[in-house]
Protein chains: 2
Amino acid sequence: MGTPSGGGARTPHPRAGTVGIKEVARRAGVSPGTVSNVLNRPERVAPATRARVEQAIRELGFVRNASASTLRAGQSSTIGLMILDLGNPFFADVARGVEDVASERGYAVILASSGGSHDKERRHLTVLAEQRVRGVLITPVDGQDDHVELLRRRGVAVVLLDHPTPRANQCSVAVDDVAGGELAVRHLLEEGARDIALVTGPSSLRQCADRRKGALRALRAAGLGREALREITVPDMNARAGEGAARRLLEGELPDAVFCANDLLALGLLRVLLQVGVKVPDDVAIIGYDDIEFTGAAAVPLSSVRQPTFQLGRIATELLLDECENSAGHAHQQVMFQPELVVRESTRRLVADAEG
Amino acid sequence: MGTPSGGGARTPHPRAGTVGIKEVARRAGVSPGTVSNVLNRPERVAPATRARVEQAIRELGFVRNASASTLRAGQSSTIGLMILDLGNPFFADVARGVEDVASERGYAVILASSGGSHDKERRHLTVLAEQRVRGVLITPVDGQDDHVELLRRRGVAVVLLDHPTPRANQCSVAVDDVAGGELAVRHLLEEGARDIALVTGPSSLRQCADRRKGALRALRAAGLGREALREITVPDMNARAGEGAARRLLEGELPDAVFCANDLLALGLLRVLLQVGVKVPDDVAIIGYDDIEFTGAAAVPLSSVRQPTFQLGRIATELLLDECENSAGHAHQQVMFQPELVVRESTRRLVADAEG
DNA sequence: GCCAGGGGTTGACACGTTTTAATGGCTTTG
DNA sequence: CAAAGCCATTAAAACGTGTCAACCCCTGGC
């Protein structure tokens, strides 16, 4: 049709001429109110008029202006997703679950990544508040939920993501990281390890703190004290940090086994150890956490602790939307999934040593 | 397991009482216009008044309503990010780059994932249009840019992400996939492979089509025809699909080498081959694509073709925001990065075979 | 033939912000 | 001293949609 085929890349008219509800109304020969009704309560408008309006909408290429709707309605159809790190497949998977459910139900997702910075978290939450998001899914940087509390006070629904809470006044979805840490270390102990190292991120991260707590609990159950656990703390939770941890381990005598708070750490650690000729699991056993897709294909397939990642995102979003749309009858829930131990090569046959 | 142990916490007042600009104005003893000035052009307001207003803002916990701003201004400070698949670390990394730049410059990112579905893409783009996003970064599902054209006509800035375009009227940022495919296969040939298999996704995906084209080009340069290339097409681009491809390969005689259009495919393939006792690279060499973080730590470290993923996201976003904010002086650019071959164990020492 | 009733449609206002032209107070200049 | 100019501030008008009360027309009952 009217395609001015070719032409320069300039926009001739700064005014792009937005078609609004009233232009549609004029074309269909009805009032703006009727158009609005067609959009929001089609059943209230006579079939014939509705058809006329719908045709006008198609012809003009009308697209409803969400800003105006939101302004008028006082609430948007957007939710915020605030995670720690997109680079971590764990969170990428969670995000997939979130996006899935949100888009099924007609919500848009605003993505924000704190990168573990308390300050960035605050800035991002401000943006989300400005956008008047209907709700927020958040993996908080630390335990002090002041930011979160602020949001709730403003009437924004909040679901804590991968972060359990004792408080009954909000929803949370999490996986039991203490149990997970315990699973991992108990497994190492059962396989015969005695001298275990823990490679973990900053203890301000709840995930790290909890997994460590679980690890200690397993030791205690085996009659060992916390001195049995060598702790190596790294600043980040990625493969590079894992490599750093490996180098630090190599400076002294190697432990029997290493529990990494995260598969990325474990993969980095594994890479370096193999490089310098350390045998895994013969010299050192390694277990990770998250069971991301790649652990099974690692140089030495990694044992890990599996979490229902995708489900985590889905359930959290469903809870959030329920709270948003049905806030009257909504009962807050604290959902806690149980993690699952996945044993692969990287921790097998320590037993031989123990029995030998 | 879900423990619905939550107590019932109701919201007593449905009206959360939004504080607006005029409430702030009343408290500070000025007019709404002045408050707006404090927010948008602080230099125009007398220091004393400004201080009063700022205090009122703090005391009332005022947060600007982006919907109203957007409505009034006719343009938002949001951009849309439309990718193929969050589950692919390649895109997750791109998204990181995007989020990075966007948040630096005060923009919010709306995330949408098409999952390769043309229909989902359309639906998501509609939502983005409703949100009146300032611009869109998109990895289109296929070449026919009808959806994209529609957006542009509506005045939305668009940058094609990981998708080159010959047209001079829009920006694009991509990596030369033909060159990448050629790099990969030339490498395989140089290492002595003669019977090569290509494992790739649907040819409607530009990435797949281009990498295949590059592969054929490398063969031709070596004096070989397209019959030298066995092609296995899989429906998805993930590890599971790679496993399926491996099983199909195992039905017949194994090739010397396999070029996978994607590291995920390669990892899945590798896993199955190793499981059934095939030696890599001795029996079969494997090369992937993307060089995601995990390939180096794979059972057999995977050769791959590296792309500047994070940079891709950053540059694309910078171009987009430039086009948004400076549309007058904006010159459209078609940025094309060159990929880089990364050789690891999975393709080494085929030479021995060739020489032997 | 009049009134009640109801479905379909309308018009006007409100949502919270930005912007523009106008206002008022003050200082400077001739 | 009057006129002119400047600065800080204000009042009012938009932006596009949703809602609500009012309205119109038509049907059916008495």
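Owing to the predicted nature of the structure, the values given are computational and were not obtained by experimental measurement. (Residues numbered from 1 in each chain as written. Chains lettered and ligands numbered in written order. Predicted model: local features only at pLDDT ≥ 70, side-chain atom pairs only at ≥ 80, totals over all residues. Heavy atoms only, no water.)

Let us look at the overall build of chain A. For chain A, the count of helices and strands is 13 helices and twelve strands. Since a compact globule built from 356 residues should have a radius of gyration of about 21 Å, the 27 Å found for chain A marks it as more spread out than a globular shape. With respect to the three principal axes, the spread of C-alpha positions in chain A is 90 × 55 × 35 Å. Per-residue burial for chain A yields a buried fraction of 53% across its 356 residues. Of all intrachain contacts in chain A linking residues separated by at least 6 positions in sequence, the fraction that spans at least 24 positions is 71%. When the accessible surface of chain A is split by element, carbon and sulfur atoms take 48% of a total near 15300 Å². Between the centroid of the 43 positive side chains of chain A and the centroid of its 45 negative side chains there is a distance of 11 Å. (Helix = DSSP H or I, 4+ residues; strand = E, 2+ residues; numbered from the N terminus. Rg over C-alpha atoms; globule rule 2.2 N^0.38 Å. Buried < 20%, exposed > 50% of the residue type's maximum accessible area, 1.4 Å probe, protein only. Contact = heavy atoms within 4.5 Å. Areas by Shrake-Rupley, 256 points an atom, 1.4 Å probe, with all protein chains shown as cover. Lys, Arg positive; Asp, Glu negative; His and termini not counted. Charge placed at Lys NZ, Arg CZ, Asp CG, Glu CD.)

In terms of nonpolar packing, the biggest core is built from 125 residues, with Leu-269 of chain A together with Leu-269 of chain B touching the most fellow members. The next biggest cluster of nonpolar side chains, apart from the first, holds 30 residues, and it includes Ala-108, Val-136 and Val-156 of chain A together with Leu-125 of chain B. (Core = buried A, V, L, I, M, F, W, Y, C linked by side-chain atoms within 4.5 Å.)

For helix H10 (residues 239-251) of chain B, with 13 residues, the first-to-last C-alpha span of 19 Å sits near the 18 Å given by 1.5 Å per residue. Looking at the buried side of H10 of chain B, the elements it contacts are strand S6 (196-200), strand S7 (229-233), strand S8 (257-260) and helix H11 (263-275) of chain B. (Expected span 1.5 Å × (residues − 1).)

Let us look at the interface of chain A and chain B. Every contact between the two is made by 62 residues of chain A and, on the other side, 61 residues of chain B. Of the roughly 5000 Å² buried where chain A meets chain B, counting both sides, 57% is carbon and sulfur surface. One can count zero salt bridges joining chain A with chain B. Between chain A and chain B we count 16 residue pairs in polar contact (both at pLDDT 80 or more) in total. Secondary structure elements with two or more residues in the side of chain A that touches chain B: helix H4 (66-73), helix H5 (89-104), strand S2 (108-113), helix H6 (118-130), helix H10 (239-251), helix H11 (263-275) and strand S11 (334-337) of chain A. If you tally residues by element for the side of chain A that touches chain B, the top one is H5 of chain A, at seven residues. Looking at side-chain class alone, the side of chain A that touches chain B contains 29 nonpolar, 21 polar and twelve charged residues. Relative to strand S2 (residues 108-113) of chain B, S2 of chain A runs antiparallel, the two sharing three bridges. In the strand pairing of S2 of chain B, Ile-110 of chain A is matched with Ile-110 of chain B. (Buried area = accessible area lost by both parts, 1.4 Å probe. Salt bridge = Lys/Arg side-chain N within 4 Å of Asp/Glu carboxyl O. Polar contact = N/O pair within 3.5 Å; in protein donor to acceptor, adjacent residues only side chain to side chain. Nonpolar A, V, L, I, M, F, W, Y, C, P; charged D, E, K, R; others polar. Pairing = 2+ DSSP bridges.)

All right, on to the relation of the copies chain A and chain B then. With an RMSD of 0.1 Å, the operation that places chain A on chain B is a rotation of 180° combined with a shift of 0.0 Å along the axis. Expressed as an axis order, the relation between the two copies is that of a two-fold axis. When C-alpha distances to the rotation axis are compared across chain A, the minimum falls at Ala-299 of chain A, with a value of 1.5 Å. In this assembly, 87% of the residues forming the interface of chain A have copies in chain B that are likewise at the interface, indicating an isologous arrangement. (Least-squares fit on C-alpha atoms with pLDDT ≥ 70 in both.)

Right, let's get into the packing of aromatic side chains. One pass over the structure, following the stated rule, counts five aromatic pairs over all chains. Taking the centre distance of 4.0 Å and the plane angle of 10° together, the rings of Phe-294 of chain A and Phe-294 of chain B count as stacked. In this pair, Phe-294 of chain A sits in the loop between strand S9 (285-287) and strand S10 (304-306) while Phe-294 of chain B sits in the loop between strand S9 (285-287) and strand S10 (304-306), so the two residues belong to two different chains. No difference in accessibility class separates Phe-294 of chain A from Phe-294 of chain B, as the two residues are buried. Here Arg-211 of chain A stacks its cationic end above the ring of Tyr-289 of chain A, 3.8 Å away from the centre of that ring. (Phe/Tyr/Trp six-rings, centres within 6.5 Å; stacked < 30°, edge-to-face > 60°. Lys NZ or Arg CZ within 6 Å of the ring centre and 35° of its normal.)

Glancing now at the sheet that holds S11 of chain A. What the twelve strands build is an open sheet, ordered S11(A)-S5(A)-S4(A)-S3(A)-S1(A)-S2(A)-S2(B)-S1(B)-S3(B)-S4(B)-S5(B)-S11(B); its pairing is mixed. Of all strands in the sheet, those with a lone pairing partner are S11 of chain A together with strand S11 (334-337) of chain B, marking the two edges. On average, each strand axis in the sheet is inclined to that of its neighbour by 20°, with strand direction left out of account. Both strand S5 (residues 171-175) of chain A and S11 of chain A contribute to a ladder of four bridges, which runs parallel. Looking at the pairing, Val-175 of chain A lines up with Phe-337 of chain A of S11 of chain A. (Axes fitted to C-alpha atoms, helices over the stretch in contact; angles between N-to-C directions.)

Moving on, we get to the pattern of salt bridges. Throughout the structure, instances matching the rule amount to 46 salt bridges over all chains. For the salt bridge of Arg-230 of chain A with Asp-195 of chain A, the shortest nitrogen-to-oxygen distance reads 2.9 Å. Of this pair, Arg-230 of chain A sits in strand S7 (residues 229-233) while Asp-195 of chain A sits in the loop between helix H8 (177-190) and strand S6 (196-200), placing them 35 residues apart in sequence. Assessed through its relative accessible area of 29%, Arg-230 of chain A is described here as partly exposed. Close ionic contact of Arg-152 of chain B with Glu-323 of chain B constitutes a salt bridge, the shortest N to O distance being 3.2 Å. Here Glu-323 of chain B lies in helix H12 (residues 309-325) and Arg-152 of chain B lies in helix H7 (residues 146-153), a separation of 171 residues in the sequence. By relative accessible area, Arg-152 of chain B is classed as buried at 18%. Among the charged side chains, a network of salt bridges with common partners joins Asp-162, Asp-177, Arg-206, Asp-210, Arg-211 and Asp-290 of chain A.

On to the sheet that holds S9 of chain A. Residue and element names in this part refer to chain A. Read across the sheet, four strands follow the order S7-S6-S8-S9 without closing on themselves; strand pairing throughout is parallel. Here the strands that pair on one side only, and so sit at the sheet edges, are S7 and S9. Pairs of neighbouring strands in the sheet enclose a mean axial angle of 20°, with direction left out of account. Contacts between helix H9 (residues 206-221) and the sheet are confined to S6, S7 and strand S8 (257-260), with S7 contributing the most and set at about 170° to the helix.

Geometry only, nothing functional implied.
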